[in-house]
Structure formats: C-alpha cells, structure tokens
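Working through the structure, step by step
Now for the letters of each chain:
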Amino acid sequence: MSKVHILDEIVLQPDDINAVLQRLENQYLPGLPARHTLSLSQRWVSPPVRLDGQPNTLWLLWAVTDVYGYYTMRGTAGPEVSAFWEAVDQLCLQRRRHVMGDARQPLPQSLEDA
Amino acid sequence: MSALETVQVFLQEDADLEAAETALHTQLEAAPGLAGWHCGRNLEGCWGGGQFTVDLLWHAYADKPAMEFGSLPGFTSADAVCYQTVASGQRDPGLRQGIWRTLLLSVREGVPAAEVETFEQELLGMPRYMAAIRNWRLGRVTTPGSRWTHVWQQEYAAIDGLMGEYLLHPYHWGWVDRRFDPEFPDVWVVDTGLCHVFCALENSIIARAAANAHPDI
C-alpha cells in the first residue's frame, strides 16, 4: 500500500504566516507522536514574496503511512487538533484541505464504467 | 405504511450474552405487528454501539408499540431509531451467511438541506465503486429527539469485504471520509460521534424488506 498525502491550503495575510507556523510547532506537532502514522513533510508558501495588498498561501504537506494509517490518524486526533484549526481559522482568510494519492496509479472508476 | 427500526441494545459488561440473546429471540418471536426482524451480536471491532443490533420491520397496519427491552438479563439501555429509506440497492438478494453492517451518524446542525442531499448521494455512490457491498440501504431517521439523523446499512458476503475493500477503496478514504473529518473545513458535515457496528447475517435483511412489497423499503 502506498503513502497517502494530505495538503492544507491556508490563505492568509503575510503578517500572519509566522503566527500559524508557531501554533503548528507548539500546538499541533507535539500531538504527532501519538498519531504515529502522520508526519509533516513540507511547509511552503506561495508566492514566495510579500506583495502589497495580496495574501499568501501557506501549504502544509502531510504524509500518512498507508490507508490503514489514515484511519489511525483520524482516530487519534486529540483536542489539540481542533483547537489548532480554530485558532488558524481566526487568522486565515480561507482554508481547504486536500487528500491525495499517487498520480501514477490508475484512477479507480465506478464499476459501471470499468 | 411499514416502518423500519434499528435498535442498539446495551448490556452490562459482565452480562450473559447467551442468555440475553435467547431472551431477545423469545421476545421478538412473540412481538405482535412485526413483518420481520433480525437480531445479531455485535462483533469485535465495533464501536459506539451496544452488544446487539436488532432490526425490526413493522407491518404497515401495525400500531407500532415501543418495544421494551428492560426485562433482558443484564440490560442497561436501548437506542432505537425509526427511519425512512432514501435509497437502497441489491446485488445479491439471496445472500446468506454474510455480514450486516450498520452505521448510525448525525449530520451537524445547520448544514443546508442541499448539502445533506449531496452527502447522501456520495454515500450511495459507494456501492458503485465497491463490489463487496452486496446490498445496501440509506435511511433518514424519523424518531423525534434521536441523536442520529441517518442509518447507513450494508450487507457483505464476508468480513473481508467490510475490513478490506470498503476501508481501502479511495472512494472511501479519499472522498467520503472527508465528510466525517473535522479537519476538512469546507466539506465536513457529520458529527464525530458515530455508531459503527456489524454482526453475522443469516439472510439478506434488505432483500426481505424489499420483498415485503412496500415502496418505502
């Protein structure tokens, strides 16, 4: 079974990027040892420059060991997880989460179409 | 109009399950107004439910009484919900010796009706991708005051269908599961408290209900 990746897309003002990253370090990441199938792979920002009157997007890429690990990750989220996102939602303009599989794998189809 | 009802029966931890099961069967066999019933002992790996799942199909003409389980040995409580079918399907109406899975869920307050319907269609899309789901039924809870809003039931030929294809298919973890996950801010619709139970199935419950020739089952 291949890894599953999760991508958080957080649109926010450039002044708030560090606040979110600090909360990530202090509030979310300490809970990861208990959620042993989840790890943070990357923290990116786009555009990688401060522009007048324009927000940036913070991208957090997470790796999950496999599909069974995905359910483990879901079932081990403690109260710090919701507290973190509530705080982020106070800071950001928009937020979405994406769950992703390996693009080299054929996409499963409905049984009627297969 | 026929009524469908599903019940989680909770017993004390040290209850005599054999004795309770026998008493349940005796009670169900004698209950007036039932067109059909099924009683299954919840298997290891369930959560949020009791020790037994009881499914009741009430006759259309029956003035459905509230079924009392208080006399069962070791009884503590029962969580019973009536529901109306949104949609159901059968691939294997002759299924025998399978697995009956029930998921009780509650859509969060304030979710717009259109979003609820979209979510329902996403759930009902699962059998289109998973051959292991042999028969299925999605119902909306009609019992006033219930903590649950929906009943999502499936029948499998074997436990591997539930623990294997159902869990592992990307349509589940990569699509429908987002509806259950508070970390997805834009699509999360289901409260985190769930009742996920499964038990042995002798014959298809869904096919039996459909054979009762009522348009709602």
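None of the values given here were measured: they were computed from a predicted structure.

Glancing now at the overall build of chain B. Looking only at helices and strands, one finds 6 helices and 8 strands in chain B. For chain B, whose C-alpha radius of gyration is 17 Å, the value lies close to the compact-globule estimate of 17 Å for 217 residues. The C-alpha extent of chain B, read off along each of the three principal axes, is 45 × 35 × 35 Å. The burial tally for chain B puts 52% of its 217 residues in the buried class. Taking as baseline every contact in chain B between residues at least 6 positions apart, the subset at least 24 positions apart corresponds to 78%. For chain B, the exposed area adds up to about 9200 Å²; of that, 52% sits on carbon and sulfur atoms. Measuring between centres, the 14 positive side-chain charges of chain B sit 7 Å from its 28 negative side-chain charges.

All right, on to the overall build of chain A then. When you go through chain A residue by residue, the secondary structure sums to 3 helices and 4 strands. For chain A, the N- to C-terminal ordering of α and β elements is β-α-β-β-α-α-β. Principal-axis analysis of the C-alpha atoms gives chain A an extent of 50 × 30 × 20 Å. Burial status across chain A gives 39% buried among its 114 residues.

A few words on the side chain of Asp 177 of chain B. The residue Asp 177 of chain B is located in the loop between helix H5 (170-173) and strand E8 (195-203) in this model. Here the side chain of Asp 177 of chain B touches Arg 74 of chain A through a polar contact of 2.6 Å, side chain to side chain. Not counting chain neighbours up to four residues away, the residues in contact with Asp 177 of chain B comprise Tyr 70, Tyr 71 and Arg 74 of chain A together with His 172 of chain B.

Let us look at the sheet that holds strand E4 (residues 75-90) of chain B. Residue and element names in this part refer to chain B. Judged by pairing direction, the sheet is antiparallel, and its 8 strands sit side by side in the order E2-E3-E1-E4-E6-E7-E5-E8 without closing on themselves. Every other strand in the sheet has two partners, leaving strand E2 (34-41) and E8 as the edge strands with one partner each. Strand-to-strand twist of the sheet, defined as the mean angle between neighbouring strand axes without regard to direction, takes the value 25°. Here helix H1 (residues 17-30) sits on the sheet in contact with strand E1 (3-11), E2 and strand E3 (52-58), set at roughly 175° to E2. Set on the sheet, helix H2 (residues 113-124) makes contact with E4, strand E5 (96-105), strand E6 (135-141) and strand E7 (150-156); between it and E6 the angle comes to about 160°.

What follows deals with the interface of chain A and chain B. Tallying the contact residues gives 23 residues for chain A and 24 residues for chain B. Contact with chain B buries area across many residues of chain A, yet Tyr 71, Arg 74 and Arg 97 of chain A alone supply 30% of it, more than any other trio. Along the contact surface separating chain A from chain B lie 6 salt bridges. In this structure, Arg 128 of chain B and Glu 112 of chain A form a salt bridge, with 3.3 Å as the shortest nitrogen-oxygen distance. Between the two partners, chain A and chain B, sit 13 residue pairs in polar contact (both at pLDDT 80 or more).

Residues and elements named next belong to chain A. Spatial strand order, E2-E3-E1-E4: 4 strands in an open sheet with antiparallel pairing. Taken across any chain shown, the strands that pair with only one partner, and hence form the sheet edges, are strand E2 (38-46) and strand E4 (94-100). Going across the sheet, the axis of each strand differs from the next one's by a mean of 15°, ignoring polarity. As judged from the 7 bridges shared by strand E1 (residues 4-12) and E4, these two strands associate in the antiparallel manner. For Ile 10, the partnering residue across the bridge sits in E4 and is Arg 95.

In this section: the pairing of E1 of chain B. Residues and elements named next belong to chain B. For E1, the tally of buried residues reaches 7 of 9 residues, placing the bulk of the element in the interior. Taken together, the 8 bridges between E1 and E4 define a ladder with antiparallel strand orientation. The residue of E4 that forms the bridge with Val 7 is Ala 80.

Okay, unusual backbone geometry next. The omega angle of the peptide bond from Ser 46 of chain A to Pro 47 of chain A is -15°, so this bond is cis rather than trans. Within the secondary structure, Pro 47 of chain A sits in the loop between E2 and strand E3 (56-64). Phi at Gln 97 of chain B is positive, roughly 55°, even though this residue is not glycine. For Gln 97 of chain B, the position within the fold is in strand E5.

Rules behind the numbers
Residues numbered from 1 in each chain as written. Chains lettered and ligands numbered in written order. Predicted model: local features only at pLDDT ≥ 70, side-chain atom pairs only at ≥ 80, totals over all residues. Heavy atoms only, no water. Helix = DSSP H or I, 4+ residues; strand = E, 2+ residues; numbered from the N terminus. Rg over C-alpha atoms; globule rule 2.2 N^0.38 Å. Buried < 20%, exposed > 50% of the residue type's maximum accessible area, 1.4 Å probe, protein only. Contact = heavy atoms within 4.5 Å. Areas by Shrake-Rupley, 256 points an atom, 1.4 Å probe, with all protein chains shown as cover. Lys, Arg positive; Asp, Glu negative; His and termini not counted. Charge placed at Lys NZ, Arg CZ, Asp CG, Glu CD. Polar contact = N/O pair within 3.5 Å; in protein donor to acceptor, adjacent residues only side chain to side chain. Pairing = 2+ DSSP bridges. Axes fitted to C-alpha atoms, helices over the stretch in contact; angles between N-to-C directions. Buried area = accessible area lost by both parts, 1.4 Å probe. Salt bridge = Lys/Arg side-chain N within 4 Å of Asp/Glu carboxyl O.

In short, shape yes, function no, at least from these values alone.
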